[in-house]
Protein chains: 2
Amino acid sequence: MKRRMKATITYDGTNFSGYQVQPEKRTVQEELQKVLTVMHKNEIVQVTASGRTDAKVHATGQVIHFDTTLSIPLDRYAQALNVQLPRDIRIVQIEEVSNDFHARFSVHGKRYRYIWSCEAVQSPFRRFYATPSNGVKPNVMAMQEAAQYILGTHDFSCFCAANTSVKDKVRTVAKLDFEWHGEELHMTIEGNGFLYNMVRIIAGTLWEVGIGKRQADELASIIASMNRGNAGKTAPPHGLYLESVFYND
Amino acid sequence: MKRRMKATITYDGTNFSGYQVQPEKRTVQEELQKVLTVMHKNEIVQVTASGRTDAKVHATGQVIHFDTTLSIPLDRYAQALNVQLPRDIRIVQIEEVSNDFHARFSVHGKRYRYIWSCEAVQSPFRRFYATPSNGVKPNVMAMQEAAQYILGTHDFSCFCAANTSVKDKVRTVAKLDFEWHGEELHMTIEGNGFLYNMVRIIAGTLWEVGIGKRQADELASIIASMNRGNAGKTAPPHGLYLESVFYND
């Protein structure tokens with residue numbers, strides 16, 4: 001009998017060409033499917049995630065689903081996977097869900113985190129995990145002020161990478177906060193959905209406000225323009241973490 | 001004119017075959033000397049550290065010295081090195097010292113840190129930076145009790161890797177403390193000097209006390225035996241950090 005499994009996973013994106021399978025590349029999806037397929041005696045197991053993440057982007061709370069025919073008890077399933085998975089992917093939690101649960105189509109919202117390290121000399125231990133500011137301390141008040149323009153429901157074409165096929169670019173950003181953790185600045189953003197590169201373009205644009213390259217109130221006209229060219233640079237991938245995916249449980 | 005420079009450096013040991021130059025291997029010393037030699041127009045610059053660290057061992061406060069003929073002002077010297085060094089080595093601080101300062105011979109003491117991650121599933125972000133306990137929570141009280149036997153001045157032959165040429169194995173351990181940082185257990189140890197693998201063998205032995213494999217008071221007979229075979233396993237290198245080197249300033 002097939003059981004549908006929902007798993008919360010975490011991965012260090014450094015050595016992956018992103019989440020989604022691509023020929024000749026090391027991806028998170030491929031590593032998961034490889035292990036599951038071996039466990040299922042070469043019956044191919046397809047894994048579906050809440051969405052893809054780009055190369056070098058991390059996840060602390062990505063969600064996937066897959067169907068299993070194995071009778072491994074639930075409380076041992078995560079460990080059975082973890083012993084076979086590479087150390088840069090870990091199953092945090094696994095549960096059995098009804099067959100109509102879908103890791104992507106059932107999503108109600110997501111939370112991402114973006115981290116900048118603002119010490120004068122970036123710790124070598126943070127080089128893959130936070131974007132260095134090379135000692136620049138941004139004006140977080142200005143970034144918070146600019147963030148107010150992003151909150152709410154808007155057509156976010158200005159924050160969407162040009163190469164996308166999505167037509168409806170209206171999304172709702174419910175929270176957008178900044179917090180210092182020592183000398184690292186964390187931005188967290190929650191919304192009902194995010195366009196391709198949206199979090200990284202928002203991070204890059206707000207950073208430009210923080211370092212005085214733009215004024216906070218420019219955000220109003222940037223959003224209204226619906227033009228990617230008016231927003232800031234796409235922030236580097238290695239500062240980004242997919243932190244939570246929300247479902248109606 | 002030659003100036004002697006003392007630098008505090010930090011490195012992520014993951015991708016190094018240790019500190020000391022070895023043929024055909026990537027080492028911290030080699031990377032430092034390569035950059036300094038290029039900066040000195042191919043005049044070979046020798047770098048001397050407080051001591052070597054093994055493959056995969058990290059440093060947050062290693063100290064080196066070298067002699068320079070360059071007239072780069074002191075406040076720009078660290079940056080001049082950092083822009084050329086690989087991102088897994090950073091110069092934290094640099095100062096000019098008298099010619100009789102020697103990074104190794106002038107050492108008065110060192111502090112190391114050893115980290116175990118004790119969560120049920122080790123975060124992928126910690127896989128190169130802490131030793132996983134696979135969910136085991138050690139008895140830290142017992143480890144602290146065992147640590148009391150190590151404090152003070154002893155012949156530490158029992159905690160010295162067999163393949164060493166050092167004759168005098170008497171050292172003084174001045175501090176040995178445990179502290180939880182979330183679900184990670186940190187051991188810090190300070191002393192006037194450490195034998196080859198001494199910190200890792202102490203960590204491995206105290207861990208065995210923590211998980212009930214040994215009694216705390218066994219430490220007395222282990223030390224008295226002066227026999228490496230009676231101590232515990234050498235703890236893995238990637239949990240170890242050289243944190244500070246002390247000099248008489």
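No experiment lies behind these values; they were computed from the predicted model shown.

**Brief notes about the pairing of strand 8 (residues 170-181) of chain B**
Residues and elements named next belong to chain B.
Part 1 of the reasoning: Two elements, strand 7 (residues 152-155) and strand 8, share four bridges in a ladder whose sense is antiparallel. Across the sheet, the residue bridging to His154 is Arg171, located in strand 8.
Part 2 of the reasoning: Pairing between strand 8 and strand 9 (residues 184-191): eight bridges, direction antiparallel. Residue pairing in the sheet places Trp180 in a bridge with Leu185 of strand 9.
Part 3 of the reasoning: The antiparallel hairpin formed by strand 8 and strand 9 contains two residues in its connecting segment, where Gly182 sits at a positive phi of about 65 degrees.

**So, the packing of aromatic side chains**
Part 1 of the reasoning: Applying the stated criterion across every chain yields a total of 20 aromatic pairs over all chains.
Part 2 of the reasoning: Plain terms: the ring middles of Phe125 of chain A and Tyr241 of chain B are 5.7 Å apart, the flat faces sit at 50 degrees to each other, and that makes the pair tilted. Of this pair, Phe125 of chain A sits in the loop between strand 5 (107-117) and strand 6 (131-132) while Tyr241 of chain B sits in strand 10 (residues 240-247), on two different chains. With respect to class, Phe125 of chain A is no different from Tyr241 of chain B; both count as buried.
Part 3 of the reasoning: Ring centres 5.3 Å apart and planes at 85 degrees place the aromatic pair Tyr112 of chain B and Phe194 of chain B in the edge-to-face group. Of this pair, Tyr112 of chain B sits in strand 5 (residues 107-117) while Phe194 of chain B sits in the loop between strand 9 and helix 4 (198-210); the two residues are 82 residues apart in sequence, bridging distant segments of the chain. Each of the two residues, Tyr112 of chain B as well as Phe194 of chain B, counts as buried.
Part 4 of the reasoning: Ring pairing ties together the aromatic residues Phe125 of chain A together with Phe128, Tyr129 and Tyr241 of chain B, which thus form one cluster.

**So, the pattern of salt bridges**
Part 1 of the reasoning: Here the structure, examined in full by the defined rule, presents 32 salt bridges over all chains.
Part 2 of the reasoning: Residues Arg127 of chain B and Asp12 of chain A are paired through a salt bridge, measuring 2.7 Å at the closest nitrogen-oxygen approach. Of this pair, Arg127 of chain B sits in the loop between strand 5 and strand 6 (131-132) while Asp12 of chain A is found in the loop between strand 1 (3-11) and helix 1 (28-39), placing the two residues in two different chains.
Part 3 of the reasoning: For Lys137 of chain B, the salt bridge identified is with Glu183 of chain B, shortest N-O distance 2.7 Å. Highlighted residues: Lys137 of chain B in the loop between strand 6 and helix 3 (140-150) and Glu183 of chain B in the loop between strand 8 and strand 9, separated in sequence by 46 residues.
Part 4 of the reasoning: The structure contains a network of salt bridges with shared partners spanning Asp12, Arg26, Glu31, Lys34 and Asp88 of chain A together with Arg127 of chain B.

**Observations concerning the UniProt feature "active site" (unreviewed entry) in chain A**
All names here are of chain A.
Part 1 of the reasoning: According to UniProt, the feature "active site" (unreviewed entry) maps to Asp54 in the numbering used here.
Part 2 of the reasoning: Among the secondary structure elements, Asp54 is positioned in the loop between strand 2 (48-49) and strand 3 (58-68).
Part 3 of the reasoning: Non-local contacts of Asp54, meaning those with residues more than four positions away in its chain, are made with Gly18, Tyr196, Asn197 and Arg200.

**Observations concerning helix 3 (residues 140-150) of chain A**
Residues and elements named next belong to chain A.
Part 1 of the reasoning: Val140, Ala142, Met143, Ala146, Ala147 and Ile150 are the residues of helix 3 that are buried. Along helix 3, the residues classed as buried sweep out an arc of 150 degrees about the axis, all on the same side.
Part 2 of the reasoning: Considering only its buried residues, helix 3 is in contact with strand 5, strand 7 (152-155), strand 8 (170-181), strand 9 (184-191), helix 4 (198-210) and helix 5 (218-225).
Part 3 of the reasoning: Of the residues flanking the end of helix 3, it is Gly152, one or two places downstream, whose phi is positive at about 100 degrees.

**Concerning helix 5 of chain A**
All names here are of chain A.
Part 1 of the reasoning: Taken together, the buried positions of helix 5 are occupied by Leu219, Ile222 and Ile223. All buried residues of helix 5 fall inside an arc of 95 degrees around its axis, so they share one side.
Part 2 of the reasoning: Where helix 5 is buried, its residues touch helix 3, strand 7 and helix 4.
Part 3 of the reasoning: Phi turns positive, to about 50 degrees, at Met226, one or two residues after helix 5.

**Focus: the relation of the copies chain B and chain A**
Part 1 of the reasoning: Each copy superposes on the other: chain B lies on chain A with an RMSD of 0.0 Å after a rotation of 180 degrees and an axial shift of 0.0 Å. Here the copies are linked by what is in effect a two-fold axis. Closest approach to the rotation axis among the C-alpha atoms of chain B is made by Phe125 of chain B, whose C-alpha sits 5.1 Å away.
Part 2 of the reasoning: Looking at chain B, 100% of its interface residues are interface residues in chain A too, so the copies touch through the same face.

**As for the interface of chain B and chain A**
Part 1 of the reasoning: Counting from both sides, the interface comprises 21 residues of chain B and, opposite them, 21 residues of chain A.
Part 2 of the reasoning: Taking both sides of the interface into account, the surface hidden between chain B and chain A amounts to around 1600 Å²; carbon and sulfur atoms contribute 62%.
Part 3 of the reasoning: Together, Arg87, Phe125 and Arg127 of chain B form the three largest contributors to the area buried by chain B at its contact with chain A, with a combined 43%.
Part 4 of the reasoning: Counting across the chain B and chain A interface gives four residue pairs in polar contact (both at pLDDT 80 or more).
Part 5 of the reasoning: When contributions to the side of chain B that touches chain A are tallied by element, the ones reaching two or more residues are strand 1 (3-11), strand 3 (58-68) and strand 4 (89-97) of chain B.

**So, the domain arrangement of chain A**
Residues and elements named next belong to chain A.
Part 1 of the reasoning: Domain assignment breaks chain A into domain 1 (3-97) and domain 2 (111-247).
Part 2 of the reasoning: Distance between the C-alpha centres of domain 1 and domain 2: 28 Å.
Part 3 of the reasoning: The interface is formed by 15 residues belonging to domain 1 together with 14 residues belonging to domain 2.
Part 4 of the reasoning: Counting each side, the surface lost to burial between domain 1 and domain 2 is near 1200 Å², with a carbon and sulfur contribution of 58%.
Part 5 of the reasoning: The largest per-residue losses of area from domain 1 upon contact with domain 2 belong to Asp54, Val57 and His58, which jointly make up 37% of the total buried on that side.
Part 6 of the reasoning: Between domain 1 and domain 2 we count one salt bridge in total.
Part 7 of the reasoning: Our enumeration of links across domain 1 and domain 2 arrives at 10 residue pairs in polar contact (both at pLDDT 80 or more).
Part 8 of the reasoning: When residues in the side of domain 1 that touches domain 2 are grouped by element, the largest group, six residues, is from strand 3.
Part 9 of the reasoning: In the side of domain 1 that touches domain 2, the residues fall into four nonpolar, seven polar and four charged.

The rules we used
Once a new chain begins, its residue numbering starts again from 1 and follows that chain's sequence as written. Labels follow written order: the first chain is A, the first ligand is 1, and so on. Per-residue local features are limited, in this predicted model, to residues with pLDDT of at least 70; the limit for side-chain atom pairs, both in listing and counting, is 80 or more; totals at the level of whole chains, interfaces and linings are taken over all residues. Each side-chain value is derived from all of the structure's non-hydrogen atoms; neither hydrogens nor water enter the calculation. Two strands are counted as paired when DSSP detects at least two bridges linking them. Strands here mean DSSP runs of E at least two residues long; helices mean DSSP runs of H or I at least four residues long; both are numbered from the N terminus. Centre distance within 6.5 Å is the pairing criterion for rings of Phe, Tyr and Trp, where only the six-membered ring of Trp is used; planes under 30 degrees apart are then read as stacked, over 60 as edge-to-face, and the remainder as tilted. The rule is simple: take the accessible area with a 1.4 Å probe, protein chains only, and divide by the maximum for that residue type; under 20% is buried, over 50% is exposed, in between is partly exposed. Any Lys or Arg side-chain nitrogen found within 4 Å of a carboxyl oxygen on Asp or Glu counts as a salt bridge. UniProt positions are given in the numbering used here, feature names are shortened, and annotations may be inferred rather than shown by experiment. Working rule for contacts: check all heavy atoms of both residues, and any pair within 4.5 Å makes them a contact. To obtain the arc, one takes the directions from the helix axis to the C-beta atoms. Here the copies were fitted onto each other by least squares, based on C-alpha atoms from residues at pLDDT of at least 70 in both. For any pair of parts, buried area is found by adding up, for both, the accessible area (1.4 Å probe) each one loses once the two are put together. Here a polar contact means two N or O atoms within 3.5 Å. Within protein one must be a hydrogen donor candidate and the other an acceptor candidate, and residues neighboring in sequence count only if both atoms are side-chain atoms. Each domain span listed reflects an automatic or database assignment of domains. Ten residues, namely Ala, Val, Leu, Ile, Met, Phe, Trp, Tyr, Cys and Pro, are considered nonpolar, four, namely Asp, Glu, Lys and Arg, are considered charged, and the remaining ones, Gly among them, are considered polar.

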